[in-house]
Structure formats: C-alpha cells, structure tokens
Amino acid sequence: MENRVTKLFNIKYPIIQGGMVWCSGWRLASAVSNNGGLGLLGAGSMHPEMLVEHIRKMKEATEKPWGINVPLLYPEIDRLMDIIIQEGVKIVFTSAGSPKKWTPLLKSHGITVVHVISSALFAKKCEEAGVDAVVAEGFEAGGHNGREETTTLTLIPNVVESCSLPVIAAGGISSGKSVVAAMTLGAEGVQIGTRFAVATESSAHPAFKQRVFDTEEGGTMLALKKLAPTRLIKNEFFNQVKALEDAGAETAQLTELLGKGRAKKGIFEGDMTEGELEIGQIASMLHKEETVSEIMEDIIADFNKTMSKLSDLKL
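Residues numbered from 1 in each chain as written. Predicted model: local features only at pLDDT ≥ 70, side-chain atom pairs only at ≥ 80, totals over all residues. Heavy atoms only, no water.

K.L.:
Which parts of the structure should I look at to understand the environment of histidine 47?
P.N.:
Here histidine 47 is to be found in the loop between β2 (39-42) and α3 (48-61). Judged by relative accessible area, histidine 47 falls into the exposed class, the value being 56%. Separated by 27 residues in sequence, histidine 47 and tyrosine 74 place their C-alpha atoms 10.0 Å apart. (Helix = DSSP H or I, 4+ residues; strand = E, 2+ residues; numbered from the N terminus. Buried < 20%, exposed > 50% of the residue type's maximum accessible area, 1.4 Å probe, protein only.)

K.L.:
What is the right way to look at helix α6 (residues 120-129) in this model?
P.N.:
It helps to recall that an α-helix has 3.6 residues per turn; residues three or four apart then point in one direction. Residues Ala120, Ala123, Cys126 and Ala129 constitute the buried set of α6. The arc that holds the buried residues of α6, viewed along the axis, is 165°, so those residues lie on one side. Those residues of α6 that are exposed and aimed more than 90 degrees away from the buried face are Leu121 and Glu128. Its buried side turned inward, α6 meets α5 (103-108), β5 (112-117), β6 (133-137) and α7 (152-162). (Arc of directions from axis to C-beta. Contact = heavy atoms within 4.5 Å.)

K.L.:
How do you make sense of the sheet that holds strand β7 (residues 143-144) when you look at a structure like this?
P.N.:
Whenever strands of a sheet pair, they do so through backbone hydrogen bonds, lying parallel or antiparallel. One open sheet accounts for 3 strands, arranged β7-β11-β10; its pairing is antiparallel. Of all strands in the sheet, those with a lone pairing partner are β7 and β10 (220-223), marking the two edges. Here β10 runs beside strand β11 (residues 230-233); their pairing, made up of 4 bridges, is antiparallel. Directly across from alanine 223, in β11, lies its bridge partner threonine 230. In the packing of helix α11 (residues 236-246) onto the sheet, contacts are made with β10 and β11, and the angle to β10 comes to roughly 45°. (Pairing = 2+ DSSP bridges. Axes fitted to C-alpha atoms, helices over the stretch in contact; angles between N-to-C directions.)

K.L.:
Would you mind showing me how to read helix α2 (residues 26-34) here?
P.N.:
Regarding α2, the residues found buried are Leu28, Ala29, Ser30, Ala31, Val32 and Ser33. At its buried positions, α2 is contacted by β1 (15-17), β2, α3, β3 (66-71), α9 (194-197) and α14 (292-310). Of the residues one or two after α2, glycine 36 is the one with positive phi, at around 100°.

K.L.:
What's the story with the sheet that holds β1 in this structure? I'm lost.
P.N.:
With parallel pairing, the 8 strands of this open sheet are ordered in space as β1-β9-β8-β6-β5-β4-β3-β2. The open sheet has two free edges, formed respectively by β1 and β2, since each of these has just one partner strand. Each neighbouring strand pair of the sheet contributes to a mean axis angle of 25°, computed without reference to strand direction. Taken together, the 3 bridges between strand β8 (residues 167-170) and strand β9 (residues 189-192) define a ladder with parallel strand orientation. By the bridge assignment, alanine 170 is partnered in β9 with glutamine 191.

K.L.:
Just checking my understanding: could you explain the side chain of serine 45 for this structure?
P.N.:
Within the element layout of this structure, serine 45 appears in the loop between β2 and α3. For serine 45, the side chain forms a polar contact with the main-chain nitrogen of tryptophan 22, separated by 2.9 Å. Sequence-distant contacts of serine 45, that is, excluding residues within four places in its chain, are made with Val21 and Trp22. (Polar contact = N/O pair within 3.5 Å; in protein donor to acceptor, adjacent residues only side chain to side chain.)

K.L.:
Even after reading the chapter, I still don't get the packing of α6 against α7, so can you show me in this structure?
P.N.:
A pair of packed helices is captured by two measures, namely the crossing angle of their axes and the spacing between those axes. It is at 8 Å that the axes of α6 and α7 come closest, and there the two elements cross at 35°. In this structure, α6 meets α7 at a crossing whose hand is right-handed. Mapping the contact onto sequence places Ala120, Ala123, Lys124 and Glu127 in α6 and Leu155, Asn158, Val159 and Ser162 in α7. Residue classes in the contact of α6 with α7 are distributed as 4 nonpolar, 2 polar and 2 charged. (Left-handed = near helix turned anticlockwise from the far one by under 90°. Nonpolar A, V, L, I, M, F, W, Y, C, P; charged D, E, K, R; others polar.)

Here you go:
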C-alpha cells in the first residue's frame, strides 16, 4: 500500500505502534519497524540517560524507520528534545500538550513531527503549527485520553473533514477489520497500542499482560477526570479512585492518592492491586501473548480477507 502515511515515514504498512509508557522500549519498537510498521520508543517513562540508551540500541537493532513518542508535559522536556536532536532521531510523535512550541525547532532539524489529538479543533491547531500528520485518538484508547470522550468512529471523519493533514486513527484498533474500518472513515494509517503492549517484545510485566488477557468486556473505565482522563483496568487502585470521585473529591485528593510511580508499579513491576493499569477497551478481545511478527502477519491477513469480502457487498 502506498499513501501519504507510508510515504511520510517510508514504511511498508501504515501501521504505527503507540509509544506507550513502560511497554515501548527498543525491543518492541525495533520489532515493529523490522516487520514493516513504524516502531516508537515511549519516552514518557524514560529518564534522559535511559532514552539515550534505548535510542542507541534502536540504531543497532534496525535499519528501518522508527521514532519516539514524547509527552510535552514531560518534566525535563528541554533536555529530552536536545537528546532527540543530538542523536539524529528522524521522527517524533508529540502528545499531551500544544505542538506550537516544539514543532518549528524539530522541523528545522529535518525531523518529521506528528501530534496526537482528540478533537477536530486540535487537528486544525496542529495544521497551523506545521506538523506533518496527526494521530486522532478516540475514547476507546488506553492511558491518557481526551476530555471530549469522542469515540473513534465519530472522531476520524470529523478530523479528516477539518484538516488536510494525513490522519492516523487510534483507539480500539487491533485487527485487520478495524484497520479497514478506520481507512473507510478516511484515515490513511492506524496507531495500535493495546495489542502491542502485550506482545512478547513489550517490556510490560508478565502479570500485567495476563491481567489484560483476563479483562472482560467493560473491564476498563475512564478515571482521574479532574487530573487527566485515563482509561484503567478496574482493580483496587481504580476502586479507590472511583470512591473518591463519587464523593466529589478535589484535585488535591486525587493527586495525593495517585502519588508517583503508579503506572510503573502496575505495568512494569506487576502490582495488579495497587498499580495503575492503563489499557484500552480492546483488551477484552485479546487472549494470548504473540510476537510482533505474529501480530503483524495476522493484521495484514485479516485486512486483506476483510477487503475481499467487502468487494462483494452492495446496497
């Protein structure tokens, strides 16, 4: 397939692996790139020194295109951007903030910039800021989410209509069928998080992966809305958050409960009780661990099979 997304990144398939905290190290990202997609390092859970280590290991592990996801609210964002420029990173996905400040600097160093958005309004702002593409992420997605709570099915056509940028769909996408659906709505690529988060090459703890496989329909919910809306698996920590929110807790109380390192405790260290277990709604469709190669093969085969079936449909 050739379209604006595959040409922009020089990749075989318009499939991007989300740069997820505590999951997206060099092993996962390089495996996705080596299998024809675009792998992203998740800088949000890396200290600057660790990011340098992962960047250099990526360079050794793949000759294919790859990039980095950078949450713009990162505490040491200036240092992170310096590292990205100095290490010659070619692709940066930014999220959780305005792209206006950093996009001109990154592009002045020849870096392709993509920003993650949750509304058509922000897509327009991204176009004004000069980004090269947007990831339109729907309400189904895991982790930090848009306050608008717009589903992917509604969001994608709105974003496509509102801007001329290539649109990459995210949120609830894990199969070839869902890739077809996203492209039917006007997206030219997809970003997949949850299915790659539980891949063999993901750095997530085995207990977290198994908890995802055990998650049933309705097993995740958006929480922490007064801080930053985050989709979580329902566990003891989630119950504590919900109890506070139901009681009308203020931001300070939620911040105190959240503390520091909750996501690391759950996703990376395997504490299924007190950890913050970020994952998407599509978790209920996943039941076993697979390698990146197996995941990519399955998505591509399912995409082609679905397209063949649709060719015979008429109204």
